[in-house]
Structures are given as C-alpha cells and as structure tokens.
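If you want the building blocks of each chain, they are given just below.
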Amino acid sequence: MSIPIFEVQLDKDANLVIPSQEQDIINALTAAGNTFTDVVVISHGWNNDMDEARTLYHDFFGSLEQVSPAAVGKTLAVGILWPSKKFDEADLIPGGAASADNDPVADSVLLQRLEGLKQVFDDPQADAKLEQMKALVAGLSTDPSKQDQFVSLMGAILDQHTDPAQRSDDEGKATLSDRAQKDGGAKVLKSFGLPITQKVKPGGGGAASVGGFAGNPALHPGGAGGAAGLGDFFSGIKAGALRMVNFTTYNVMKDRAGKMGHDAVNPLLQRIQKAVPQTLKFHLVGHSFGGRLVTATVDGPNALRVQTLLLLQAAYSHNGLAQTFDPNQPSKSGFFHAVFDNHKVTGPILITHSKNDSAVGLAYPLASRLNLDDAAGMGDANDLFGGMGTNGAQHVDKVEITLLAIGGGNYDFTTSGKRVFNLNGDAIIQSHGDVARPETAAVLAAAMKL
C-alpha cells in the first residue's frame, strides 16, 4: 500500500481537462471507512512535461513514505498537471568562445529557441512575429536596426501574452516594450548580453560555484524545472538575445502559474473542501513555478483551509510575502503579502533555499537590468531582486534554520511563535530540481506531525 496520487489536469486557460477528476477526489475522501486525515496538493514547475511531473510526485511521496510510514493510509495526494512548456536542449552551443557572437552555432540555437517559443504561445499572431524575428537573426550582432526590431517584436508578443494584473513591485513592473521605447532595442540586448556572475555568499560560493554552464548560453543549470539558459559567462548581442528569449518564457510561465493557482486550483479546492469532512487538513506543496502556483492558490478569491505551505526552491521573488521591502519606497508590497499578513495559512510556511540553485537566482539580474540597472551578480538576500529558491523569504518575520539530514534532529515549527521558516539546504539540495528527497519530505512530515 502506498499514498494514492489523484491527478488534476489543467489546460493553458486554467480549465479542468477532465472534470471527473474532481469528483474522483471527493469520492475517495468521503468513501465509507476511509482513514484519510490529510490532503497534500502538489504542483510541479516550469520545464516539466507530464511524465516528468508524475515522476516528481512519485519520488516525493515515495520519500514521504520512507521517512514517515505513518503517512500511508492517512494521506491522499493531489497532483496538479499544468502546461509548462520546455525547450529541446539537443543542440547546444559549443563552449570556448569569448562571445556568443563569435560562436558559429549561435545562430542555429537562437533560431531553434524562437521556433520553440511557438509552443509556449500557441498563437498564430505570435507565430508570425516569431518568424519575423527569425529573419532578423542573420546579422543581428552588427545591425542596430535589426536589434531594435528584434526587441520590439518580442515586446509586442509579451504585451499580448502576459497578465498586467500580475506585474508587481517585487518582480519589477517594467516590460520589454517599456525599456525598448525608452532606450532602444539595441541597448536592451547589450544590457542582457553582459555576462552574469554569481555573488559571493558567506562561507563559499562565488562565480566559481555557478557550475554546469561550461561557458555556454544554451545550457541550463540544474535538472528538471530549471530556468533554461537564463545566464552564464558569455557576452554579446547573441547571448543577450538568448537570455531575452528565455527570460520571455520565464515571464509567460510565471504568469501562467499564477493564473493556474488563482483561477483554477483555488476554486477547485474550495469546492472539494465544501464536499469533504471539515476535519481534513490540507497541505500545499510547490516546486519551482509550482511554488508560485500554490501560493496563488492560497491567495485566490475563495478562502481555503490550508494548514501548511511548503515551497521547494520556489521561483518567485524573495520579497513576495513582504508587506514592505524597499526602504526607499515603503508603500511597495510583495505580490503575495496578504498570504502572510492575513494569516491565510494556519500553520507554518516552509521555504527551502540553496546557493546551489542557480536556476532561480539567474532570473533576477535580468529583472534588475530591465527595471533598474545592469546588475552583474545574482540577486542575494540583500538585493531588491532575488528569488525564494536562492535566498528564502525576505522582509518578513521569519526563522532561519538548516535543512536537516535524515537522523540529524527534529523540527519544531510551533514553539517560536513565528510562521515563516527558511530552511537552508546548501549542504543537501544540489540543484534546482533536487527536491524529491527524504530530507524535504521530512519537512512536510514534521509540519503534518506524522
């Protein structure tokens, strides 16, 4: 016997693909003689196809069974499957060149990435603009007019396919169109084309610890769910174009994750909670952009009963839960500040973070370049722009603890009187996708008090 995993599949417009899946969950939770006490709702992130998501769920709940056999029979899992497109990484730029502009394969990879974006948008008008962008690739490095057109076209696609309601101070409100109109597309590509390095963190890290890039703008840094190709040591217009293409996908998937949580999973859980015993406890778990999805679920239009929120290397702003985070503009709030301020989670909010998660951190120098300046380093905990999966939650009343090895001690998420716990996984979590571990499952078991 093992923990049953019920699937809920959503389309890109946040509709249930198989409506009967909802009733299947209700039937299981209301069946005579069932012994369920806890429901765990889990979401994958960007760059997972459905099979990879299922593997993540199988491995995570297998780890939960390993560390807490008592979970079996008491726990029902709900696995959210949402359309998070991935790129084909088969053709990579060889390393060794000082600039992507000098790499003979750079054009073909950029053309491949632009073609891959068609699957992300699934829109004939966007396809037409992407074809125009592909026609600009030859000579892009040396022709400022082509650079201006390239960024203008991408900005127009993003204006159509991102949600203005999800733009926030903590992620930066500037758009590619804003920046292109202000400075010109050529300057945008030059800004994105500056090499990205990692800031030195106390006790180690630094640029040498980025790892896995091999000087290669097409490589992604860390397994399933990674933010493919967002940064590296390359420079030049082509490197900037590659980063901009992937940053575009990042923003589209960021908004999609928020829409899935707010518009689909929140009302789904409200309906389920109305139909099942009120004594059942609900725990939400999200990896990567799935962390944004489950946070948006908690913050959605319907009040939910949520006992635990576990964010595994979450891909959203480390200021996302803060009521205020910028001393120069104290009126600015994190996009999900009401989750914390309004006590929408009755138990602990648990956030794993690791310096080894380059994927999350790499988006934030680009956010900074779009909104403020040409920052070179990854956003650390002191930066205006930085990620949950890199730094944990910032500017909230929190507890900083270490993610424990199995057998290395016990968690107590009740005695401190605080609700947010940042779990430093530097010694255990080795990459963005390294989350279906006994050590992370043990965090959930402790919160569930299994």
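First things first, this report covers the structure right here in the doc. For clarity, every value in this text was computed on a predicted model and none was experimentally measured.

Thresholds, definitions, all that
- Residues numbered from 1 in each chain as written.
- Predicted model: local features only at pLDDT ≥ 70, side-chain atom pairs only at ≥ 80, totals over all residues.
- Heavy atoms only, no water.
- Phe/Tyr/Trp six-rings, centres within 6.5 Å; stacked < 30°, edge-to-face > 60°.
- Buried < 20%, exposed > 50% of the residue type's maximum accessible area, 1.4 Å probe, protein only.
- Helix = DSSP H or I, 4+ residues; strand = E, 2+ residues; numbered from the N terminus.
- Lys NZ or Arg CZ within 6 Å of the ring centre and 35° of its normal.
- 1 Å grid on protein atoms, 1.4 Å probe; cavity = no way out; pocket = protein on both sides within 12 Å on 5 of 7 lines; lining within 4 Å.
- Points joined across faces, edges and corners; volume = space filled by probe spheres on them.
- Nonpolar A, V, L, I, M, F, W, Y, C, P; charged D, E, K, R; others polar.
- Core = buried A, V, L, I, M, F, W, Y, C linked by side-chain atoms within 4.5 Å.
- Contact = heavy atoms within 4.5 Å.
- Arc of directions from axis to C-beta.
- Axes fitted to C-alpha atoms, helices over the stretch in contact; angles between N-to-C directions.
- Parallel < 35°, antiparallel > 145°, perpendicular 65-115°, else oblique.
- Left-handed = near helix turned anticlockwise from the far one by under 90°.
- Expected span 1.5 Å × (residues − 1).
- Polar contact = N/O pair within 3.5 Å; in protein donor to acceptor, adjacent residues only side chain to side chain.
- Salt bridge = Lys/Arg side-chain N within 4 Å of Asp/Glu carboxyl O.

1. Concerning the packing of aromatic side chains
Okay, so step 1: Per the stated rule, a full pass over the model turns up eight aromatic pairs.
Okay, so step 2: Ring centres 5.4 Å apart and planes at 85 degrees place the aromatic pair Phe60 and Phe61 in the edge-to-face group. Considered together, Phe60 and Phe61 belong to a single accessibility category, that of buried residues.
Okay, so step 3: The interplanar angle of 10 degrees and the centroid separation of 6.3 Å between the aromatic rings of Phe247 and Tyr250 together place this pair among those described as stacked. Separated by three residues within a single helix, Phe247 and Tyr250 lie in helix H8 (residues 237-275), roughly one turn from each other.
Okay, so step 4: Classification of Phe247 as buried rests on a relative accessible area of 7%.
Okay, so step 5: Among the aromatic residues, those joined into a cluster by ring pairs are Phe192, Phe247, Tyr250 and Phe289.
Okay, so step 6: Across from the ring centre of Phe340, 4.1 Å away, lies the NZ or CZ of Arg419, which sits over that ring.

2. Considering the layout of surface pockets
Okay, so step 1: Here the largest pocket defines a volume of roughly 280 Å³.
Okay, so step 2: In terms of lining residues, the largest pocket is bounded by 13 residues, among which Lys12, His161, Val252, Arg256 and Lys259 are the most central.
Okay, so step 3: When the residues that make up the lining of the largest pocket are grouped by side-chain class, the tally is three nonpolar, four polar and six charged.
Okay, so step 4: Within this model, the second largest pocket holds a volume of roughly 230 Å³.
Okay, so step 5: Along the wall of the second largest pocket there are 15 residues; nearest its centre are Val67, Gly409, Asn410, Tyr411 and Ala442.
Okay, so step 6: With four residues, the single largest contributor to the lining of the second largest pocket is helix H13 (residues 438-448).
Okay, so step 7: Residue classes in the lining of the second largest pocket are distributed as nine nonpolar, five polar and one charged.

3. Observations regarding the nonpolar core
Okay, so step 1: With 90 residues, the main nonpolar core has Leu29, Ile80, Leu110, Leu114, Phe150, Ile272 and Leu321 as its most contacted residues.
Okay, so step 2: Looking at which element gives the most residues to this core, the answer is H8, with 16 residues.
Okay, so step 3: For Leu110, the contacting residues outside a window of four places in its chain are Val137, Leu140, Phe150, Lys238, Ala241, Leu242 and Val245.
Okay, so step 4: The next biggest cluster of nonpolar side chains, apart from the first, holds 31 residues, and it includes Ile3, Phe61, Phe421 and Leu423.

4. Structural notes on helix H1 (residues 20-30)
For the α-helix, the turn length of 3.6 residues means that residues three or four positions removed from each other point alike.
Okay, so step 1: For H1, the full list of buried residues reads Gln21, Glu22, Ile25, Ile26, Ala28 and Leu29. End-on view of H1: buried residues confined to an arc of 165 degrees, all on one side of the axis.

5. Some remarks on empty space enclosed by the protein
Okay, so step 1: Evaluation of the coordinates by the stated rule reveals four cavities of 30 Å³ or more.
Okay, so step 2: Put simply, the largest cavity is a space of about 310 Å³.
Okay, so step 3: What lines the largest cavity is a set of 24 residues, and nearest its centre among them are Gly172, Ala174, Asn251, Lys254 and Leu370.
Okay, so step 4: For the lining of the largest cavity, the secondary-structure elements that each account for two or more residues are helix H5 (144-161), H8 and helix H11 (358-371).
Okay, so step 5: When residues in the lining of the largest cavity are grouped by element, the largest group, six residues, is from H8.
Okay, so step 6: Classifying every residue of the lining of the largest cavity gives nine nonpolar, eight polar and seven charged.

6. With respect to the packing of helix H2 (residues 50-67) against H13
Okay, so step 1: Running from N to C, H2 and H13 cross one another at 70 degrees; their axes reach a closest spacing of 8 Å. Relative to H13, the element H2 is oriented roughly perpendicular. In this structure, H2 meets H13 at a crossing whose hand is right-handed. Residues Phe60, Ser63, Leu64, Gln66 and Val67 of H2 pack against Pro438, Thr440, Ala441, Ala442, Leu444 and Ala445 of H13.
Okay, so step 2: For the contact of H2 with H13, the per-class residue count stands at eight nonpolar, three polar and no charged.

7. Structural notes on H5
Okay, so step 1: Spanning 18 residues, H5 covers 26 Å between terminal C-alpha atoms, matching the ideal 26 Å at 1.5 Å per step.
Okay, so step 2: Among the residues of H5, those classed as buried are Gln147, Phe150, Val151, Leu153, Met154, Gly155, Ile157 and Leu158.
Okay, so step 3: The N-cap residue of H5 is Asp143: its side-chain oxygen and the backbone nitrogen of Ser145 are 2.9 Å apart.

8. Section: the environment of Gly361
Okay, so step 1: Within the element layout of this structure, Gly361 appears in helix H11.
Okay, so step 2: Under the relative-accessibility criterion, Gly361 is labelled buried at 1%.
Okay, so step 3: For Gly361 and Gly387, which are 26 residues apart along the polypeptide, the C-alpha to C-alpha distance reads 5.6 Å.

9. Thoughts on the pattern of salt bridges
Okay, so step 1: Per the counting criterion, the structure on display carries 18 salt bridges.
Okay, so step 2: Lys12 is paired through a salt bridge with Asp13; the nearest N and O atoms lie 3.8 Å apart.
Okay, so step 3: Across the pair Lys259 and Asp263 runs a salt bridge, and its minimum N-O distance is 3.2 Å. Residue Lys259 and its partner Asp263 are located together in helix H8, separated by four residues, close to a single helical turn.
Okay, so step 4: Of the residues examined, Lys259 reaches a relative accessible area of 31% and is grouped as partly exposed.
Okay, so step 5: Judged by relative accessible area, which is 37%, Asp263 ranks as partly exposed.
Okay, so step 6: Each of Glu115, Lys118, Glu131 and Lys134 takes part in salt bridges that share partners, so that together they form one network.

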